[in-house]
Amino acid sequence: MSLSEFAALWLRNNGGERRKIPKALLDTVGPLLPQEAQNVMAAAQASDEKDWQEELFVQARRLADNKRKLETKFTKTAEKEVGIATRKVDQYKGWLQDLQRQQLEGRDWRFFPQWWVPVVVREGDGYAVKPMRYQLRKPGLPASSDWVGSGATRRLSGTYNARRDNLERYWKNQFGYTHGLMVVSSFYENVDGEDGKSRRIKFTPRTGEPMLVACLWANWQDPAGEEPDMLCFAAVTDEPEPEVAAAGHDRTIINLRPENVERWLNPDPANLGELYEIFDDKRHPYYEHRAAA
């Protein structure tokens, strides 16, 4: 493990990345890092705890005030306020409990776009595990390239995934050069149901084996010289497995066979055909799926 890279992440923005690092990573890697990094992250956690305690008090008062209003006279506004405040109270209580919880749970490893994830890469004569942000910001582009649209339509760009059919165009400076590997047990996708509402679906190999996900990565450097360097990556995706398509999603991450991992992590840019052969030889476990909590 590249502990120096993890320490740099802990120190990044004075601990400001804490909310985008899975709890399991904070709790398992944190104690291995230099005391300075541990102290900075502890201060960031204490700041979060203070903020959440204050917000919990605000939402608890909001809930109590609107419950009293409903006892006197029913209004739709008060009913809506009770619902919102109840959810907020539960949310902040959950976050505060998670801060102090010692025993890790499966959900503590879960991550989302723009979160920090351990990724295996080639380094020197060996391999290293480094923390990388799950959304690849291409070198030379400004930080604003993470987003598309503006105002109410502003959303993340899709550069946390790299489509196989676009690797030699948009991803040409990474494909064949900077390859990584992410190990995951499940993946999640948002799909639209028959009622038109979006649902988050969890997919897990029926075999129970970990997925070895092909990734591309880059070391982004701010053209303006204002932000610190950032290791970042995207997962390579392909056409959907039949059961994934049946569940309503149009892509599936590429799950490498173990015997192809070393070739993937040591690419030859002059022989891209071999890389496509690795994709064609990917694993096809049946991905069981269910609605995510």
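Located above this text is the structure these notes cover.
Note that the coordinates shown come from a computational prediction; the quantities given were computed from them, not determined experimentally. (Residues numbered from 1 in each chain as written. Predicted model: local features only at pLDDT ≥ 70, side-chain atom pairs only at ≥ 80, totals over all residues. Heavy atoms only, no water.)

Engineer: Lay out the overall build of the protein in plain terms, naming residues and giving numbers.
Structural biologist: When you go through the protein residue by residue, the secondary structure sums to seven helices and twelve strands. Expressed as lengths along the three principal axes of its C-alpha atoms, the size of the protein is roughly 75 × 50 × 40 Å. Burial statistics for the protein: of 293 residues in total, 41% are counted as buried. Carbon together with sulfur atoms contributes 50% to the accessible area of the protein, which is approximately 16100 Å² in total. (Helix = DSSP H or I, 4+ residues; strand = E, 2+ residues; numbered from the N terminus. Buried < 20%, exposed > 50% of the residue type's maximum accessible area, 1.4 Å probe, protein only. Areas by Shrake-Rupley, 256 points an atom, 1.4 Å probe, with all protein chains shown as cover.)

Engineer: Explain the nonpolar core to me, using residue names and the numbers behind them.
Structural biologist: Counting 38 residues, the largest nonpolar core has Trp 10, Leu 167, Phe 175, Leu 216, Trp 264 and Phe 279 as the members making the most contacts within it. Put simply, the parts of the chain that give this core at least two residues each are α1 (3-11), α2 (23-29), α3 (35-72), β9 (211-220), β10 (230-238), α6 (261-265) and α7 (272-280). Excluding residues within four positions of it along the chain, Trp 264 makes contact with Phe 175, His 179, Gly 180, Ala 214, Cys 215, Leu 216, Val 236, Leu 256, Leu 275, Ile 278 and Phe 279. In this structure, Met 182, Val 191, Trp 217 and Ala 235 belong to the second largest nonpolar core, which totals 22 residues. (Core = buried A, V, L, I, M, F, W, Y, C linked by side-chain atoms within 4.5 Å. Contact = heavy atoms within 4.5 Å.)

Engineer: So what's going on with the layout of surface pockets? Residues and values would help.
Structural biologist: Picture a little ball the size of a water molecule; that probe, rolled over the atoms, points out where space is still empty. Looking at the second largest pocket, its volume works out to about 200 Å³. Every residue lining the second largest pocket is counted, 14 residues in all, and those nearest its centre are Glu 17, Lys 20, Arg 133, Arg 137 and Met 230. Residue composition of the lining of the second largest pocket, by class: four nonpolar, three polar and seven charged. (1 Å grid on protein atoms, 1.4 Å probe; cavity = no way out; pocket = protein on both sides within 12 Å on 5 of 7 lines; lining within 4 Å. Points joined across faces, edges and corners; volume = space filled by probe spheres on them. Nonpolar A, V, L, I, M, F, W, Y, C, P; charged D, E, K, R; others polar.)

Engineer: So what's going on with α3? Residues and values would help.
Structural biologist: Taking 1.5 Å per residue, 38 residues should reach 56 Å; α3 reaches 56 Å between its end C-alpha atoms and fits that length. On its buried side, α3 packs onto α1, α2 and α4 (76-100). (Expected span 1.5 Å × (residues − 1).)

Engineer: Residue-level account of the environment of Ala 293, with values.
Structural biologist: Its place among the elements puts Ala 293 in the segment after β12 (287-291). Of the residues examined, Ala 293 reaches a relative accessible area of 98% and is grouped as exposed. Distance in space between the C-alpha atoms of Ala 293 and Arg 200 is 8.2 Å, their sequence separation being 93 residues.

Engineer: Lay out the pattern of salt bridges in plain terms, naming residues and giving numbers.
Structural biologist: Tallying each qualifying case throughout the model produces 27 salt bridges. For Glu 54, the salt bridge goes to Lys 50, with nearest N and O atoms at 2.8 Å. With Glu 54 and Lys 50 both in helix α3 and four residues apart, the pair spans about one turn of that helix. The exposure class assigned to Glu 54 is partly exposed, which follows from its relative accessible area of 43%. Sharing partners across several salt bridges, the network here consists of Asp 98, Arg 101, Glu 105, Arg 107 and Asp 108. (Salt bridge = Lys/Arg side-chain N within 4 Å of Asp/Glu carboxyl O.)

Engineer: Report on a nonpolar patch on the surface, specifying residues and quantitative values.
Structural biologist: Side chains of Met 1, Leu 3 and Leu 32 sit close together on the surface and give an oily, nonpolar patch of about 290 Å² of accessible area. Its place among the elements puts Met 1 in the segment before α1. (Patch = residues over 30% accessible without salt bridge, like charges linked within 9 Å, V, L, I, M, F, W, Y side chains within 5 Å.)

Engineer: Hey, could you go over the environment of Leu 136 for me, with residue numbers and the actual values?
Structural biologist: For Leu 136, the location among the structural elements is in the loop between β2 (126-134) and β3 (147-148). Along the chain, Leu 136 and Ala 162 lie 26 residues apart, while their C-alpha atoms are 9.0 Å from each other. If we skip the residues at most four places from it in the chain, Leu 136 touches Thr 159, Tyr 160, Trp 171, Gln 174, Leu 216, Trp 217, Ala 218, Cys 232, Phe 233 and Ala 234.

Engineer: Lay out the packing of aromatic side chains with the relevant residues and their values.
Structural biologist: Across all of its chains, the model carries 14 aromatic pairs by this definition. Measuring from centroid to centroid gives 5.4 Å for Tyr 92 and Trp 95, while their planes differ by 85 degrees, and the two rings are edge-to-face. Of this pair, Tyr 92 and Trp 95 both sit in helix α4, separated by three residues, roughly a single helical turn. Pairing Phe 187 with Phe 203 gives two aromatic rings, centres 5.0 Å apart and planes at 15 degrees, and the pair type is stacked. Placement of the pair is Phe 187 in strand β7 (residues 187-192) and Phe 203 in strand β8 (residues 198-205), with a sequence separation of 16 residues. Across the pair, exposure class does not vary: Phe 187 and Phe 203 are buried alike. A network of ring pairs unites the aromatic residues Phe 111, Tyr 134, Tyr 160 and Phe 233 as a single cluster. When the ring centre of Trp 147 is taken as reference, the NZ or CZ atom of Arg 154 above it lies at 4.0 Å. (Phe/Tyr/Trp six-rings, centres within 6.5 Å; stacked < 30°, edge-to-face > 60°. Lys NZ or Arg CZ within 6 Å of the ring centre and 35° of its normal.)

Engineer: Got a sec to walk through α4? Specific residues and values, please.
Structural biologist: If you check α4, its first and last C-alpha atoms are 37 Å apart, about what 25 residues at 1.5 Å a residue would give, namely 36 Å. For α4, the complete set of buried residues consists of Ala 78, Val 82, Ala 85, Val 89, Tyr 92, Leu 96, Asp 98 and Leu 99. As for α4, its buried residues are in contact with α2 and α3.

Engineer: Can you tell me about the packing of α3 against α4, naming the residues and giving the values?
Structural biologist: Two elements in contact, α3 and α4, have axes separated by 8 Å at closest approach and are oriented at 155 degrees. When the axis of α3 is compared with that of α4, the two are roughly antiparallel. Where α3 crosses over α4, the two elements pack in a sense that is left-handed. (Axes fitted to C-alpha atoms, helices over the stretch in contact; angles between N-to-C directions. Parallel < 35°, antiparallel > 145°, perpendicular 65-115°, else oblique. Left-handed = near helix turned anticlockwise from the far one by under 90°.)

Engineer: So what's going on with the sheet that holds β7? Residues and values would help.
Structural biologist: Ordered by their spatial adjacency, three strands build an open sheet running β7-β8-β12, and the pairing between neighbours is antiparallel. Of all strands in the sheet, those bounded by a partner on one side alone are β7 and β12. With direction set aside, neighbouring strand axes in the sheet form an average angle of 35 degrees. (Pairing = 2+ DSSP bridges.)

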